[in-house]
Every structure is written in structure tokens, then in C-alpha cells.
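# Breakdown of the fold
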Amino acid sequence: MGDYYYHNVSTGPFNGWDFRRDDDVIAQEYAGKYSTHVFAEEAESVIRNHDTSNPLFLYLSFQAVHTPLQVPSIYSDMYKDLIPDNEEQRIYAGMTTCMDEAIGNVTRTLVRSGLWENTVLIFSTDNGGLHLLGSNWPLRGGKGTLYEGGVKGVGFVNSPLLSDHVRGTATNELIHMSDWFPTLVRLAGGTLIGTKKLDGYNQWETISQGAPSVRQEMLLHLDPLYTAIKNTKNDKWADNAFFNITTRAAIRKGAWKLITGAAGNSSWMAPPGSNKKSIHPESRNGKVVQLYNIDDDPLEQTDVSDDNPGIVEDLLQCLGRYYKDSVPPFFPQQDVKHANPALHNNAWSPWE
């Protein structure tokens, strides 16, 4: 990730600007200005200058909160008393507070511009928090893992268009990131006719009315190149005909969740600065497949794969079908030399 103030990125021996408005490099124009403020102010400008007789779709993807850990001290200083002994956590908390303030400013601009009454605001993360900085407690795992602390992305929807009985409530219905596209297209009065077959579903009734999700199955992860686990001696599914259990993968079907391969850090990590103690499970010792009933066991404390062989087989078959239909991964060799910013006015740029 780039520097929050100077908007440059370093890769090996190369360094260059990486901040644009459309095709124009604007990093120097905003050098020294914190990116969360820049993004929010740009969004506010778009809203203020928008022709309210036309629809508006605004996708605002902040750089925060992500490394490098940088924030104006006015925000991190708020946490001197609450987090006295860990500067990194103070900065991280300050970055989150700054982002929260920015979202408030954007929302306030929507109200002042007369757009709020017909707006749907969606806030969503892409993964769970990083163990050393954030907290997913009491969920198991975190960013980079296949446990709920890593794959259950928190978020909220706020809108005057929501039914009164769903306001202020939480839902555990299955909604996948691929559902946003068909949901928003239908909400805006568009049509999906002519598009390719989509993985997502229109979930507006679930979000706005509290209806059951139309999604019953969710592929959480499938990485055929990640087969780090070699010890499967104690797993009876090692030689199954449906799916290679050393492959890093996870899938939900109803309440059931199956994990194969290397799931990542499997601990329940206590929140930083709390008086709780982290819990570290024993080694699985060659047992790879894990099955959890998330409705009954949202903390993934009890692997029930031995008690439900029929469920395991069904989900392994599902993973096998997804793998069979997937496009083989392709990672071409990087050619950073030709992208050297020195060849492109000191900015990272496309090249031929």
C-alpha cells in the first residue's frame, strides 16, 4: 500500500507516485494531505455537484484501515489513556476513527444535498481484522484464515428505504459479496437481461424486509495452488474421489461449513488490551477436514465431521464441482522493470 500522505509506492528499487483522478496523476497536488481526508472530500464534491434529477452510484473505497500505519496525531492521541502501552494499536484505532469521521461527513453531505431520503448507504469490509491490531473476538481466526473471524465480513446498510422492523437489527442470513451487483442493479431499476450468468443474487428483500436469503450455498475460498498440508494420515477423507482435501478451501451450505487444507491461524485471539486470554487449540495431527454447524456453533469450537459423514461427502462434492468449473489460475511473471516509474514521469503507469 502507498504512503497515506505522499501517495507513493515502493517496489524493490523502484518508487513512484500512485494517486490519480481518472488518468491524471495528482499525487504531487495532494502531497502531505492524509488520504482518508482526500477521498472523503472528493466524494463530498461529487455529491454537491451532482444533478439530482439523475441517479448516482458512488463507490468510495478508502485506503484505511490498512498498513502502513499512519494517521494525524489528533486521532491517535484520543487513545492515549485507553491504549497506553501499544503505539501501533493506538494508530490503528485513530485510523478507524478518522475513517468513521469521514463517512459521517459524506453522509452529512448527502443529507444537505437533498439526496439522503432516496439513498442506500452500504458499509462493508473485505475480511476480518488482523490479529495483532484488530479484534474478531469471540470468533475464531482472523484476516487470512478460513474461520469465521476471517471470512465473516461485518457491515451495515442504512437507508430511509428500509422497513421499520429491520432498522437496528442484525441478520445472519447468507449474503456474498457477489450479491451486491444484482441487488443494486435491481434496486436502481435496471435489468440483468443480457449479462452473463452471475454468481450473485438479488438480496434486497432480505436486506430491506428481513426475508430469508435466496442463497443457500456460498463458496468461501478455493485455492488449487495452495496445498501446503502434507500430513493427512489421520483423515479418512484423504483418498475421497471428490476433492483433494489438501487444497485450501471452504464452503457454506445452509448452516454447515466445511474447511479443507491449511485454514490459517486457528486461535481465538483475545481483544488487544482486554483482560481476556487467547485460546489456542491443540494440533489436529493429520486430520484435515473440518465441519461446523455455524447456527449451533458460531465460534467453531466443535468439529463434527466424524459425526456427519453424509454432510462432509456432499460438501466435498460441491467443492469438486466448483473446482471443475473454475478457470485455471494464471500468474504471469512480473515485469516491474518496464513499469519503472522513472520511465513514466515518476508515476506507476500502464505500459506496453
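All chains use their own residue numbering, which begins from 1 and follows the written sequence. Two thresholds apply to this predicted model, a pLDDT of at least 70 for residue-level local features and 80 or more for giving and counting side-chain atom pairs, whereas whole-chain, interface and lining totals are computed over all residues. Note: side-chain values were computed over all heavy atoms of the structure, leaving out hydrogens and water.

Turning next to unusual backbone geometry. Here the residue pair Ala64 and Val65 is connected by a cis peptide bond, since its omega of -5 degrees sits within 30 degrees of zero. Runs of E in the DSSP output that reach at least two residues are strands. Runs of H or I that reach at least four are helices, and both are numbered from the N terminus. Relative to the assigned elements, Val65 resides in the loop between helix 1 (35-48) and helix 2 (73-76). In this chain, Thr67 is followed by Pro68 through a cis amide linkage whose omega measures 0 degrees. Relative to the assigned elements, Pro68 resides in the loop between helix 1 and helix 2. Positive phi is not limited to glycine here, since Asp22 has a value of about 55 degrees. Relative to the helices and strands, Asp22 resides in the loop between strand 3 (20-21) and strand 4 (24-25). Per-residue accessibility, obtained with a 1.4 Å probe over protein chains only, is compared with the maximum for each type, and a residue is labelled buried under 20%, exposed over 50%, and partly exposed between these values. With relative accessibility at 70%, the residue Asp22 sits in the exposed group.

This next bit is on a nonpolar patch on the surface. Taken together, the side chains of Val46, Leu56 and Leu58 present a nonpolar region at the surface, about 200 Å² in accessible area. Following the sequence through the fold, Leu56 ends up in the loop between helix 1 and helix 2. Judged by relative accessible area, which is 35%, Leu56 ranks as partly exposed. Patches draw on residues past 30% relative accessible area with no salt bridge. Two like charges within 9 Å are joined, as are two nonpolar side chains (Val, Leu, Ile, Met, Phe, Trp, Tyr) within 5 Å. Here the open area of atoms and residues is found with the Shrake-Rupley method and a 1.4 Å probe, where only the protein chains shown may cover a residue. Put simply, a salt bridge is a Lys or Arg side-chain nitrogen that is within 4 Å of an Asp or Glu carboxyl oxygen.

At least two DSSP bridges between two strands are required for those strands to pair. Here we have 4 strands laid out as an open sheet, ordered 7-8-9-10, and antiparallel in their pairing. Strands at the two margins of the open sheet, each flanked by one partner only, are strand 7 (217-223) and strand 10 (290-293). Direction aside, the axes of adjacent strands within the sheet are offset by 10 degrees on average. In terms of strand pairing, strand 7 meets strand 8 (residues 248-253) through 6 bridges, oriented antiparallel. The residue bridging His221 from the neighbouring strand is Ala250, located in strand 8. Each of strand 7, strand 8, strand 9 (256-260) and strand 10 touches helix 7 (residues 309-325); the most contacted strand, strand 8, lies at about 115 degrees to it. Only the stretch in contact is used when fitting a helix axis, every axis being a line fitted to C-alpha atoms; angles between N-to-C directions are given from 0 to 180 degrees. Here, two residues are considered to be in contact whenever any of their heavy atoms come within 4.5 Å of each other.

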